[in-house]
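Residue strings, one per chain:
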Amino acid sequence: AETVAALSEFCGQLHAAPGCGHPAAVLSMGISAALNRASASIVRHTAEHGLKACGSTFVGVVFDATAPDTAIALHAGDSRLYRYRNGTLLRVTRDHSVAELMGVADEREVDKKLRGVIVRAVGAQETVDLERNAFDVQTGDRIFLCSDGLSRMVSDTALTDILSSVHSTENAVDEMVEAAKRDVILSFHEEEPSLVPSPGVNYGSEAAKKFGVPGAMAAAETSMIARDIALALDTGARVLFQHVSSG
């Protein structure tokens, strides 16, 4: 909430400012300052209330009004920015995660305790260590930003296939979310294969021990958890697209 509020305030200031365009450097500095305010506020809040460290990943893109063939990706954490052009998907950002530092492409190869652990975030410190990456843009490029709710569930190859076959932005978003929902349920079942609800199977002591309830109830609980994760993806992990046009 702090991050969203700080960025909303900055955007409001931009709209109120005269002129129709701003250099990327000005926009980048403004976003960085807004994130620093949010980060400092989160750090104070956690300290005052004795909470565990908490924070938020961030990814954004700045288009330069003075150099329309260049854009700048800004990010902290493992949210990503991709550029799709002529059948090729380019990941512009690199994850600020333990898995990335270890050079592991598939996070499932990392110890469970380290999966999803990030080394940069809004709220981790009073100032945000924001990485900036300039990249070129052309008319017709498709730029999209997403959290790990998508990138951990759907491979870059699968994302490329979707973008290659689905030309409507809204439909491409829907396809990506559906792919993530399918994969999260499969991943959940792979993590807990003994708890996968299947017709005609008598769930026994292992499921009962895990949840402290009879086996059948544990199986039903597992199914509901998987559905809840899928619902969260559908309602919360939407993908932000920017289609680059000549205007």
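Remember, it's a predicted structure, so these values are computed and weren't measured experimentally. (Residues numbered from 1 in each chain as written. Predicted model: local features only at pLDDT ≥ 70, side-chain atom pairs only at ≥ 80, totals over all residues. Heavy atoms only, no water.)

Asks: Mind showing me how you'd approach the confidence of the model for the protein here?
Replies: Keep in mind that low pLDDT regions are not for reading the predicted coordinates in detail. Taken residue by residue, the protein gives an average pLDDT of 75. The fraction at 70 or more is 72%. Throughout residues 188-247 the model reports pLDDT below 50, and contacts reaching past four residues in sequence, or to other chains, amount to 90 contacts. (pLDDT = per-residue confidence, 0-100. Contact = heavy atoms within 4.5 Å.)

Asks: Any chance you could explain the sheet that holds strand 1 (residues 58-63) here in plain terms?
Replies: Within the open sheet, the 3 strands sit side by side as 1-2-5. Their pairing is antiparallel. Each end of this open sheet is capped by a strand with a single partner; those strands are strand 1 and strand 5 (131-136). Adjacent strand axes in the sheet meet at a mean angle of 20 degrees when their direction is disregarded. Pairing of strand 1 with strand 2 (residues 70-76), which is carried by 6 bridges, proceeds in the antiparallel orientation. Looking across to strand 2, one finds that Val-62 is bridged to Ile-72. (Pairing = 2+ DSSP bridges. Helix = DSSP H or I, 4+ residues; strand = E, 2+ residues; numbered from the N terminus. Axes fitted to C-alpha atoms, helices over the stretch in contact; angles between N-to-C directions.)

Asks: I tried to follow unusual backbone geometry on my own but got confused; where do I start?
Replies: Where the residue is not glycine, phi is negative for most of them; where a peptide bond is considered, it is trans in most cases. Despite not being glycine, Asn-86 has its phi angle at roughly 50 degrees, a positive value. Looking at the secondary structure, you find Asn-86 in the loop between strand 3 (80-85) and strand 4 (88-91).

Asks: Which parts of the structure should I look at to understand the pairing of strand 6 (residues 142-146)?
Replies: Regular strands place side chains that alternate from one sheet face to the opposite one. Most of strand 6 sits inside the fold, with 5 of its 5 residues counted as buried. Going residue by residue along strand 6, you find Arg-142, Phe-144 and Cys-146 tucked away on one face and Ile-143 and Leu-145 tucked away on the opposite face as well. (Buried < 20%, exposed > 50% of the residue type's maximum accessible area, 1.4 Å probe, protein only.)

Asks: Just to check I follow, could you spell out the packing of aromatic side chains for this structure?
Replies: What characterises a pair of aromatic rings is the spacing of the ring centres plus the angle enclosed by the ring planes. Overall, the coordinates contain 1 aromatic pair when judged by the stated rule. Plain terms: the ring middles of Tyr-82 and Phe-144 are 4.9 Å apart, the flat faces sit at 15 degrees to each other, and that makes the pair stacked. Taken together, the residues span a long stretch of sequence, with Tyr-82 in strand 3 and Phe-144 in strand 6 at a distance of 62 residues. Tyr-82 sits in the buried class, given a relative accessible area of 0%. (Phe/Tyr/Trp six-rings, centres within 6.5 Å; stacked < 30°, edge-to-face > 60°.)

Asks: In this structure, what is going on with the nonpolar core? I would like to understand it.
Replies: If you look at soluble globular proteins, the nonpolar side chains tend to sit buried side by side. Ile-31, Leu-35, Phe-58, Val-62, Leu-74, Val-122 and Leu-130 are the most contacted members of the largest nonpolar core, which totals 18 residues. Looking at this core, the elements with two or more residues in it are helix 1 (2-16), helix 2 (24-48), strand 1 and strand 2. If one sorts the elements of this core by residue count, helix 2 sits on top with 7 residues. Ranked by size, the runner-up nonpolar core spans 15 residues in total, among them Tyr-82, Phe-144, Cys-146 and Ala-179. (Core = buried A, V, L, I, M, F, W, Y, C linked by side-chain atoms within 4.5 Å.)

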